[in-house]
Every structure is written in structure tokens, then in C-alpha cells.
Amino acid sequence: MAAIYSLYIINKSGGLIFYKDCGTKGRMDTNDSLRVASLWHSMHAISQQLSPVNGCSGIELLQADTFDLHCFQSLPGTKFFVVCEPGTPHMESLLRYIYELYTDYVLKNPFYEIEMPIRCELFDINLSQAVQSDRVALLGR
């Protein structure tokens, strides 16, 4: 099965509010994950402005030789992106499912402050179940 390396959630200001390292190879430290999130936020914003297509929502897929980066932006501007093996199927549906988990377990949590780092045990548990390789194939609806 294809592997998911990492998951990032970025607030609308470009701040990293959640990072999960799912793979064993290429683990990043905190500073590197902050740099990746900041770089992606900037590239996403620039791509929206430079696109020749009106109403472009930014980069949704970045393909490289060793990884794919899939991005989903919610209407409020929160970005969810996954770094995975090249050719991993159903990443769009996985990102939408992660957004559902985010709205159910994070935004509905009365102790969570919007735009702040996510510290929610139920979100972590359900997210870990969602990114397991055998569950990714089941999410392709």
C-alpha cells in the first residue's frame, strides 16, 4: 500500500496549527515542519494571484519524483495538506474526511480557540485511524 508521510494544517494567516508525521523515513524536526508550512502557504497564495484563471483557489497537487503533495483549502481559508508517496490514490477524499474530523472534533470543542495549535485527543485518535494505509483505500467514495 502507498504511504502517507506527513499531514499539515495551516490557519488562514499561514501559521502551522497541526503537524503529524506518519512515516518512518525523513522525519522532520519542529523548525523544518514550520518552514515547510510557511513555504507552502506562500506558494499557495502566490499561485492564486498569478493564475490566469479567474477564481483560482491555488495549487491542489504538487508532484515530484519522490513525493506528492495534495492540498485542500476550506472556505474559511484553513489549508490541509498531505505529503505522500507518488501516485497514492484517494488523497482528495482523505483530505475532505480530515476536514470533517477537524470540524467535528476541533471546531466543536468548547476549549479550542480558533487559529491556535490543535490539542484535541479525539481528533488525534480519529485522524490516526483515518491515515492508516488500509483505511485510505476505503475512503475513496
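Residues numbered from 1 in each chain as written. Predicted model: local features only at pLDDT ≥ 70, side-chain atom pairs only at ≥ 80, totals over all residues. Heavy atoms only, no water.

- Naming follows an unreviewed UniProt entry, where the chain appears as Trafficking protein particle complex subunit of Eruca vesicaria subsp. sativa.
- Per UniProt, the comment on the chain under Subunit (unreviewed entry) is "Part of the multisubunit transport protein particle (TRAPP) complex."
- Quoted verbatim from the Sequence similarities (unreviewed entry) field of UniProt, the annotation for the chain is "Belongs to the TRAPP small subunits family." (UniProt positions renumbered as here; feature names shortened; annotations may be inferred.)

**Considering a nonpolar patch on the surface**
- A surface patch of nonpolar side chains, amounting to about 230 Å² of accessible area, comprises L39, M43 and L62.
- Mapped onto the elements of the fold, M43 is located in helix α1 (residues 30-50). (Patch = residues over 30% accessible without salt bridge, like charges linked within 9 Å, V, L, I, M, F, W, Y side chains within 5 Å. Areas by Shrake-Rupley, 256 points an atom, 1.4 Å probe, with all protein chains shown as cover. Salt bridge = Lys/Arg side-chain N within 4 Å of Asp/Glu carboxyl O. Helix = DSSP H or I, 4+ residues; strand = E, 2+ residues; numbered from the N terminus.)

**Some remarks on the nonpolar core**
- Of all hydrophobic cores here, the largest spans 24 residues; its most connected members are Y102, I118 and F123.
- Among the secondary structure elements, those contributing two or more residues to this core are β1 (4-10), β2 (16-21), β5 (79-84), α2 (91-107) and α3 (121-130).
- Among the elements that take part in this core, α2 stands out by supplying eight residues, more than any other.
- Excluding residues within four positions of it along the chain, F123 makes contact with I9, F18, I98, L101, Y102, Y105, V106 and I118.
- In terms of nonpolar packing, the next biggest core, distinct from the first, is built from 10 residues, Y8, A37, W40 and C71 among them. (Core = buried A, V, L, I, M, F, W, Y, C linked by side-chain atoms within 4.5 Å. Buried < 20%, exposed > 50% of the residue type's maximum accessible area, 1.4 Å probe, protein only. Contact = heavy atoms within 4.5 Å.)

**Topic: the sheet that holds β2**
- Read from one edge of the open sheet, five strands run β2-β1-β5-β4-β3, paired in antiparallel fashion. Pairing within the sheet leaves two strands with one partner each, and these edge strands are β2 and β3 (61-63). Direction aside, the axes of adjacent strands within the sheet are offset by 10 degrees on average.
- Strands β1, β2, β4 (68-73) and β5 of the sheet are contacted by α2, whose axis makes an angle of about 135 degrees with β5.
- The sheet contacts of α3 involve β1 and β2, and relative to β2 the element is tilted by about 45 degrees. (Pairing = 2+ DSSP bridges. Axes fitted to C-alpha atoms, helices over the stretch in contact; angles between N-to-C directions.)

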